Amino acid sequence: MAIIEVAGLRKAYGGRPVVDGVSFSVDDGEIFGILGPNGAGKTTTVECVSGLRVADEGRVRVAGLDPVAEREALTRVVGVQLQRSEVQEKLTVREALELYAAFYERPADWRELVEELGLADRIGARFGKLSGGQRQRLFIALALIGRPRVVVLDELTTGLDPRGRRNTWRLIERVRDSGVTVVLVTHFMEEARHLCDRVALIDGGRITALDTPVGLIGRAAGSTVMSFVPSGPLPEGELAALPGATDVARKDGRVTVRGSEETVNAAMALIARRGLTAGRLRVESASLDDAYLDLTEGDRP
Ligand SMILES: Nc1ncnc2c1ncn2[C@@H]1O[C@H](COP(=O)(O)OP(=O)(O)OP(=O)(O)O)[C@@H](O)[C@H]1O
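Summarised in this report is the structure supplied together with it. Note that the structure is predicted; figures quoted are calculated from it, not measured.

### Points about the sheet that holds strand 7 (residues 181-186)
Backbone hydrogen bonds hold the strands of a sheet together, and the pairing may be parallel or antiparallel.
Thinking step 1. Spatial strand order, 5-6-7-3-8-9: six strands in an open sheet with mixed pairing. Bordering the open sheet on either side are strand 5 (78-81) and strand 9 (206-211), each of which pairs with just one other strand. Averaged over all pairs of adjacent strands, the angle between strand axes in this sheet comes to 15°, irrespective of strand direction.
Thinking step 2. Both strand 3 (residues 31-35) and strand 8 (residues 198-203) contribute to a ladder of four bridges, which runs parallel. Across the sheet, the residue bridging to Gly-33 is Val-199, located in strand 8.
Thinking step 3. Contacts from helix 6 (residues 162-177) reach strand 3, strand 6 (150-154) and strand 7 within the one sheet, and its direction differs from that of strand 7 by about 150°.
Thinking step 4. Here helix 11 (residues 288-295) sits on the sheet in contact with strand 3, strand 8 and strand 9, set at roughly 35° to strand 8.

### A closer look at the environment of Arg-193
Thinking step 1. Summarising the element assignment, Arg-193 is placed in helix 7 (residues 189-195).
Thinking step 2. Residue classification places Arg-193 among the partly exposed positions, given a relative accessible area of 43%.
Thinking step 3. Residues Arg-193 and Val-214 lie 21 residues apart in sequence; the distance between their C-alpha atoms is 7.7 Å.
Thinking step 4. Excluding residues that lie within four positions of it along the chain, Arg-193 makes contacts with Pro-213, Ile-217 and Leu-288.

### Digging into the site of the ligand
Thinking step 1. In the vicinity of the ligand lie 15 residues, with Gly-39, Gly-41, Lys-42, Thr-43 and Thr-44 positioned nearest.
Thinking step 2. Interatomic distance of 3.0 Å between a side-chain N/O atom of His-187 and an oxygen atom of the ligand.
Thinking step 3. Protein contacts shield 67% of the accessible area of the ligand, which totals 640 Å² for the unbound molecule.
Thinking step 4. The leading source of residues in the shell around the ligand is helix 1 (residues 42-49), at three residues.
Thinking step 5. Residues that form the shell around the ligand fall into these classes: four nonpolar, seven polar and four charged.

### Quick look at the nonpolar core
Thinking step 1. Counting 48 residues, the largest nonpolar core has Leu-97, Leu-138, Val-151, Ile-172 and Val-182 as its most contacted members.
Thinking step 2. Here this core takes seven residues from helix 5 (residues 132-144), the largest share from any one element.
Thinking step 3. Beyond its immediate sequence surroundings of up to four residues, Leu-138 is in contact with Val-93, Ala-96, Leu-97, Leu-119, Phe-127 and Leu-130.
Thinking step 4. By size, the runner-up hydrophobic cluster in this structure holds 27 residues, among which are Ile-4, Val-6, Val-19 and Val-62.

### Here's the deal with the pairing of strand 11 (residues 247-251)
Thinking step 1. Of the pairings in the sheet, the one linking strand 11 to strand 12 (residues 254-259) comprises five bridges and is antiparallel in character. Across the sheet, Arg-250 pairs through a bridge with Val-255, a residue of strand 12.
Thinking step 2. Hairpin connection, strand 11 to strand 12: the antiparallel pair is bridged by two residues, and Asp-252 has positive phi, about 50°.

### Thoughts on the pattern of salt bridges
For side chains of opposite charge, pairing can occur when their charged atoms come near one another.
Thinking step 1. A full pass over the atoms with the stated rule returns 17 salt bridges.
Thinking step 2. Salt-bridge contacts for Glu-57 lead to Arg-10; the nearest nitrogen and oxygen are separated by 3.6 Å. Linking Glu-57 in strand 4 (residues 57-62) with Arg-10 in strand 1 (residues 2-13), this pair joins segments that are 47 residues apart in sequence.
Thinking step 3. Overall, Glu-57 belongs to the partly exposed group, its relative accessible area being 47%.
Thinking step 4. With relative accessibility at 33%, the residue Arg-10 sits in the partly exposed group.
Thinking step 5. Put simply, Asp-177 and Arg-176 hold a salt bridge, and the shortest N to O gap is 3.1 Å.
Thinking step 6. For Asp-177, a relative accessible area of 60% gives the class exposed.

How each quantity is defined
Residues numbered from 1 in each chain as written. Predicted model: local features only at pLDDT ≥ 70, side-chain atom pairs only at ≥ 80, totals over all residues. Heavy atoms only, no water. Pairing = 2+ DSSP bridges. Helix = DSSP H or I, 4+ residues; strand = E, 2+ residues; numbered from the N terminus. Axes fitted to C-alpha atoms, helices over the stretch in contact; angles between N-to-C directions. Contact = heavy atoms within 4.5 Å. Buried < 20%, exposed > 50% of the residue type's maximum accessible area, 1.4 Å probe, protein only. Near = heavy atom within 4 Å. Polar contact = N/O pair within 3.5 Å; in protein donor to acceptor, adjacent residues only side chain to side chain. Areas by Shrake-Rupley, 256 points an atom, 1.4 Å probe, with all protein chains shown as cover. Nonpolar A, V, L, I, M, F, W, Y, C, P; charged D, E, K, R; others polar. Core = buried A, V, L, I, M, F, W, Y, C linked by side-chain atoms within 4.5 Å. Salt bridge = Lys/Arg side-chain N within 4 Å of Asp/Glu carboxyl O.

Structure, rendered in structure tokens:
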């Protein structure tokens, strides 16, 4: 069942459309990724979903609520950590949590949250003294303090080292496992592949693809690449005619065929039929990086 529904969302700044007819829905309990180059319109989209920005056109519903007309009710349903989130440098972790908890009638127990998020020993530390990873964990805690049904996390792991990022992934998984729907804006393919049930790829204010990470990878042109040195002559035409083959190249005796897994299987069968062998065989599958590059046009200023 969808907990977020977005249809025909449009937003322009100074006449320039930055969100240009975006539609998607997010199922209750999933981790939904929004991926795309800088300036693609990701933050604007999630800000419209969170009621922090008013769209020019389109319909948004979160748990049945209109984020603008029912803003107050929405704050009880959605927890937000934004790219530009900040906490006063001098506030301690405890003070920040108590301050945010005071906004809600039935806040979560912040002691449990800090325990779960590994911040218990930093409770008296000032925000300004926290490490990047600790700040991110505090932002997650602040986004969860109102017991939201949906949490929006915008570039949560930017600036973290690989271990910090992995730890944060585990936290996000735990948040999802507790029944909260997660909308995750990210630049990291690996993060989307690891965490997201489905990913919307946004480019130039439009959704260019929406699929599971595996589905997106499968859309990359020539998603599987095999290369080998045949032990005897193998006509290029026969390779090009293999099912799913998109490109055949030959260099220094090494043949490279782009296609799908089916192409690889058919090529192996062809090689065997010809009584040949495939020397120094390599088969590589496309990554989400390849799919991303294929499905977006690149950074915009
Ligand atoms: N308040 C604003 N006034 C004018 N232009 C804005 C405003 N907010 C955002 N923009 C512009 O709208 C475009 C989309 O911005 P947005 O922050 O939604 O993109 P994004 O996909 O989140 O990018 P990034 O990955 O860099 O955070 C950008 O070109 C940005 O400069």
